[in-house]
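Chain residues, written in single-letter form:
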Amino acid sequence: MTAYGLLVSPSHNRVYSQAAAELVRAELAVFGERALGGRIRDIGETSVGGVGYVTFEADELGPPDVRLLSNLSSLYALFEFCDGGLLRPVAVEPLDLFGSDLLTIQKYSGKTNEHFTKLLLNVTAMATDSPADLVTGRPRVLDPMCGRGTTLNQAMMYGFDAAGIDLDGKDFDAYAAFIKTWLRNNRVKHRAEVANIRREKSVVGRRLHVTLGASKERYKSGETIDIEVVNADSLQAGRFFKPASFDLVVTDAPYGVQHASRPKGGRPGRRQELSRSPVELLAAAVPEWARLLRPGGAIGISWNTFVGRREDLADILAGSGLRVAESEPYLRFRHRVDQAISRDLIVAAKP
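As the structure is a computational prediction, the values presented were derived from the model and not from experiment.

**With respect to the pairing of strand β4 (residues 75-81)**
Part 1: For β4, a buried count of 5 out of 7 residues is recorded, marking the element as mostly surrounded by other parts of the structure.
Part 2: Two strands pair when backbone bridges link them, and β4 and strand β5 (residues 87-90) are joined in this way by 4 bridges, in the antiparallel orientation. Counterpart to E80 in the pairing with β5 is R88.
Part 3: Between β4 and β5, which pair antiparallel in sequence order, lie 5 residues; one of them, G84, sits at a positive phi of approximately 85 degrees.

Put into structure tokens, the structure is as follows:
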């Protein structure tokens, strides 16, 4: 057995940094259970020279293993512990295709921490029938409540095709402006357009469609990434996307604090009272999202435990024919965000 230690990224904000080591321990355990055949053992924490490390043991990691672990959400550097207390750096190979500013430059109230977004995407991918596809395949991602696109940007960073849907027109406009400006400023070869979506001669939403290449050569050869965002109601996602067309559905449910869940009662399109609980929204939306998921794919949802119980969300997912991940590592992600938000995640796979 070989002992390893990883440095947690120092770029976390103050609140997230307090939970980061415990979260990456749980994430590492999920990777070990789902993709590394249970070979990750004795996950813990230690201090070397006054610096904290998340530690673990494993049979010596081969290149495919390192490539997978290189994408842990809070990984800053990876070392092998050698005789005499020396640390040997292990070269990591993250999937990242673009600069980190794609994920960090947007600042707005209610934004999900980008490290947690990456964690949610990772552990959802681990629950699929082919967890190694995170690095060896190209899963297609849907965020059915995408807001200003944090999940879409992380998928783009990985080189995945991604789609999002959101009812808020201001968020749709803000993301369209951001991504077009970012691509232009970073001289990324792309095409981007916004157009109305028509059904039976009526406008039912708007669509942003972006096609880009990680390099000019890839763009010219047709090796492109597609990002698509629809400004419409997530409860009608099936009107805009084909059944069984996504490998991963990943979303951060409204917390009932900065965000509201969805209108309560009344007719669509009318100003209505807003519910603080995500449970009502998810009960209506998850069956629609599940239809968009391919067999063997997975759904990952994060939510505020102060306004929704895990048991309720598990019942909703199971009622849509999904298999909830209930192994011990998947139950260790709950953490405090602020006085009003205790965040957790739940993941379920489609048989």
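**Let's talk about the pairing of strand β8 (residues 190-199)**
Part 1: By the bridge criterion, 10 bridges tie β8 to strand β9 (residues 202-212) in an arrangement that is antiparallel. Counterpart to H190 in the pairing with β9 is L212.
Part 2: Linking β8 back to β9 in an antiparallel pair, the connection comprises 2 residues, with E200 at a positive phi of about 55 degrees.

**Focus on the side chain of E80**
Part 1: Position of E80 among the secondary structure elements: in strand β4.
Part 2: Residue class for E80 comes out buried when judged on its relative accessible area of 14%.
Part 3: One polar contact links E80 to R88, side chain to side chain, over a distance of 2.3 Å.
Part 4: Each residue touching E80, except ones within four places of it in the same chain, is listed here: T2, A3, Y4, L86, L87, R88 and V90.

**A closer look at helix α9 (residues 278-292)**
Part 1: The terminal C-alpha atoms of α9 lie 20 Å apart, and with 15 residues this matches the ideal 21 Å at 1.5 Å per residue to within 8%.
Part 2: A maximum bend of about 40 degrees is found in α9 at A285, where proline P287 lies one to four positions downstream.
Part 3: Contacts made by the buried residues of α9 are with β6 (141-143), β11 (246-252), β12 (293-304) and α10 (310-319).

**Here's the deal with unusual backbone geometry**
Part 1: Even without glycine at this site, D42 takes up a positive phi of about 50 degrees.
Part 2: D42 gets classed as exposed once you look at its relative accessible area, which sits at 59%.
Part 3: A positive phi angle, close to 70 degrees, is found at K201, a residue other than glycine.
Part 4: Mapped onto the fold, K201 is located in the loop between β8 and β9.
Part 5: A residue is classified by how much of its surface remains accessible, and K201, at 83% relative accessible area, is exposed.

**Points about the packing of helix α1 (residues 14-34) against helix α4 (residues 114-126)**
Geometry of a packed helix pair, given as the angle between the helix axes and the separation of the axes.
Part 1: One way to put it is that α1 packs onto α4 with a least axis distance of 10 Å and a crossing angle of 15 degrees. By the angle class used here, α1 and α4 are roughly parallel. Our pair here, α1 against α4, has a crossing hand that is left-handed. Of α4, the residues touching α1 (which contributes Y16, L23, E27, V30, F31 and R34) are H115, F116, L119, N122, V123 and M126.

**Examining the pattern of salt bridges**
Part 1: Following the criterion strictly, the structure yields 15 salt bridges and no others.
Part 2: Of the charged contacts in the structure, one is a salt bridge between E328 and R332, with a shortest N-O distance of 3.4 Å.
Part 3: One continuous salt-bridge network, built from bridges that share partners, spans E22, R25, E45, E328 and R332.

**Re a positive patch on the surface**
Part 1: On the surface, a cluster of positive charge is made up of R187, K189, K216 and K220.
Part 2: With respect to the secondary-structure elements, K220 resides in helix α8 (residues 216-221).
Part 3: Using a relative accessible area of 71% as the deciding quantity, one classes K220 as exposed.

**Here we look at the packing of aromatic side chains**
Part 1: Taken as a whole and judged by the stated rule, the model has 7 aromatic pairs.
Part 2: Seen from their ring centres, Y53 and F81 are 6.3 Å apart, and the 65 degrees between their planes marks the pair as edge-to-face. Linking Y53 in strand β3 (residues 51-58) with F81 in strand β4, this pair joins segments that are 28 residues apart in sequence.
Part 3: Residue class for F81 comes out partly exposed when judged on its relative accessible area of 23%.

The rules behind each value
Residues numbered from 1 in each chain as written. Predicted model: local features only at pLDDT ≥ 70, side-chain atom pairs only at ≥ 80, totals over all residues. Heavy atoms only, no water. Buried < 20%, exposed > 50% of the residue type's maximum accessible area, 1.4 Å probe, protein only. Helix = DSSP H or I, 4+ residues; strand = E, 2+ residues; numbered from the N terminus. Pairing = 2+ DSSP bridges. Polar contact = N/O pair within 3.5 Å; in protein donor to acceptor, adjacent residues only side chain to side chain. Contact = heavy atoms within 4.5 Å. Expected span 1.5 Å × (residues − 1). Bend = angle between axes of the 7 residues up to and from the residue. Axes fitted to C-alpha atoms, helices over the stretch in contact; angles between N-to-C directions. Parallel < 35°, antiparallel > 145°, perpendicular 65-115°, else oblique. Left-handed = near helix turned anticlockwise from the far one by under 90°. Salt bridge = Lys/Arg side-chain N within 4 Å of Asp/Glu carboxyl O. Patch = residues over 30% accessible without salt bridge, like charges linked within 9 Å, V, L, I, M, F, W, Y side chains within 5 Å. Areas by Shrake-Rupley, 256 points an atom, 1.4 Å probe, with all protein chains shown as cover. Lys, Arg positive; Asp, Glu negative; His and termini not counted. Charge placed at Lys NZ, Arg CZ, Asp CG, Glu CD. Phe/Tyr/Trp six-rings, centres within 6.5 Å; stacked < 30°, edge-to-face > 60°.

The values are spatial; any link to function lies outside them.
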